[in-house]
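# Reading the structure
The chain contents come next:
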Amino acid sequence: MAAKLNPYLQFNGDARQALEFYRSVLGGELTLNTYGQFGQTDGPSADKIMHGNLITQLGFTLMAADAPPDMPAPPGGNFSISISGEAADADALRGYFFKLAEGGQVHVPLEKQMWGDEFGMCTDRHGINWMVDIAG
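Each value, and the rule that gives it
Residue positions are counted from 1 within each chain, in the order its sequence is given. Per-residue local features of the predicted model are confined to residues with pLDDT of at least 70, and side-chain atom pairs are confined, for both listing and counting, to 80 or more; whole-chain, interface and lining totals are unaffected and use all residues. Side-chain descriptors were evaluated using all non-hydrogen atoms of the structure, hydrogens and water having been removed beforehand. For this document, the term salt bridge refers to a Lys or Arg side-chain nitrogen within 4 Å of an Asp or Glu carboxyl oxygen. Going along the chain from the N terminus, every DSSP run of H or I of four or more residues is numbered as a helix, and every run of E of two or more is numbered as a strand. Buried, partly exposed and exposed residues are distinguished by accessible area as a fraction of the type maximum, computed with a 1.4 Å probe on protein chains only: under 20%, between the cut-offs, and over 50%, respectively. Any two strands between which DSSP finds at least two bridges are classified as paired. Ring geometry is summarised as follows: Phe, Tyr and Trp rings, the Trp one being its six-membered ring, pair when their centres sit within 6.5 Å, and such pairs are stacked at plane angles under 30 degrees, edge-to-face over 60 and tilted between the two. To qualify as a nonpolar core, a set must consist of buried Ala, Val, Leu, Ile, Met, Phe, Trp, Tyr and Cys residues joined through side-chain atoms within 4.5 Å. For this analysis, residues touch if any pair of their heavy atoms sits within 4.5 Å.

As recorded by an unreviewed UniProt entry, the protein carries the name VOC family protein and is attributed to Saccharopolyspora endophytica.

Here the focus is the pattern of salt bridges. Enumeration over the complete set of coordinates arrives at 2 salt bridges. A salt bridge links Arg94 to Glu118; its shortest N-O distance comes to 2.9 Å. Within this pair, whereas Arg94 is found in helix H2 (residues 90-101), its partner Glu118 is found in strand S7 (residues 118-123), the two being separated by 24 residues in sequence. On the accessibility criterion, Arg94 (28% relative accessible area) is partly exposed. By relative accessible area, Glu118 is classed as buried at 18%. Among the charged side chains, a network of salt bridges with common partners joins Asp91, Arg94 and Glu118.

Let us now look at the pairing of strand S5 (residues 79-85). Two faces, one strand: in a regular strand the side chains alternate between the faces of the sheet. Buried residues dominate S5, accounting for 5 of its 7 residues. In this structure, strand S1 (residues 4-11) lies alongside S5, joined through 6 bridges in antiparallel fashion. Opposite Leu9, over in S5, you have Phe79 as the bridge partner. Here S5 pairs with strand S8 (residues 129-134) via 5 bridges, running parallel. Across the sheet, the residue bridging to Ile81 is Trp130, located in S8.

This part takes up the packing of aromatic side chains. Scanning the entire structure with this criterion turns up 4 aromatic pairs. Through successive ring pairs, a cluster of aromatic residues spans Phe38, Trp115 and Phe119.

By size, the foremost hydrophobic cluster in this structure holds 11 residues: Ile83, Ala90, Leu93, Phe97, Leu100, Ala101, Leu110, Cys122, Trp130, Val132 and Ile134. For this core, the elements supplying multiple residues, two or more each, are H2 and S8. Among the elements that make up this core, the one with the highest residue count is H2 (5 residues). Among all residues touching Trp130, those that are not within four sequence positions of it are Leu5, Ser80, Ile81, Ile83, Leu100, Gly120, Met121, Cys122 and Asp124. Grouped together as the second largest cluster of nonpolar side chains are 9 residues, Ala18, Leu19, Leu30 and Leu62 included.

In structure tokens:
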């Protein structure tokens, strides 16, 4: 599989409803994972969406999540661009991350995460949010 570039939306608690709505409009297969599934079983975020992925029959991919309570998603600034790929593309993907982060701000260092992928988040020098994910 080649590397992909996708929009990634953030919501303040209603990612599930938004993604279900987008599925009703666009069709496709929707996968939802909660914060509780990845170890955050206590607190108000346990049933919120840590990662949602909608893939339509036409090949569109839309990703979304509920922002953690300490990182609210302001309207208009509630999206990121996600670049994802396989280990074969790891060097290129790492290069993208570090170039995008240069002069910007790293929010999550590009490193191995609890779900097995290498993942990082940054805001570039122009204020655009980026996520890079390298499949584990």
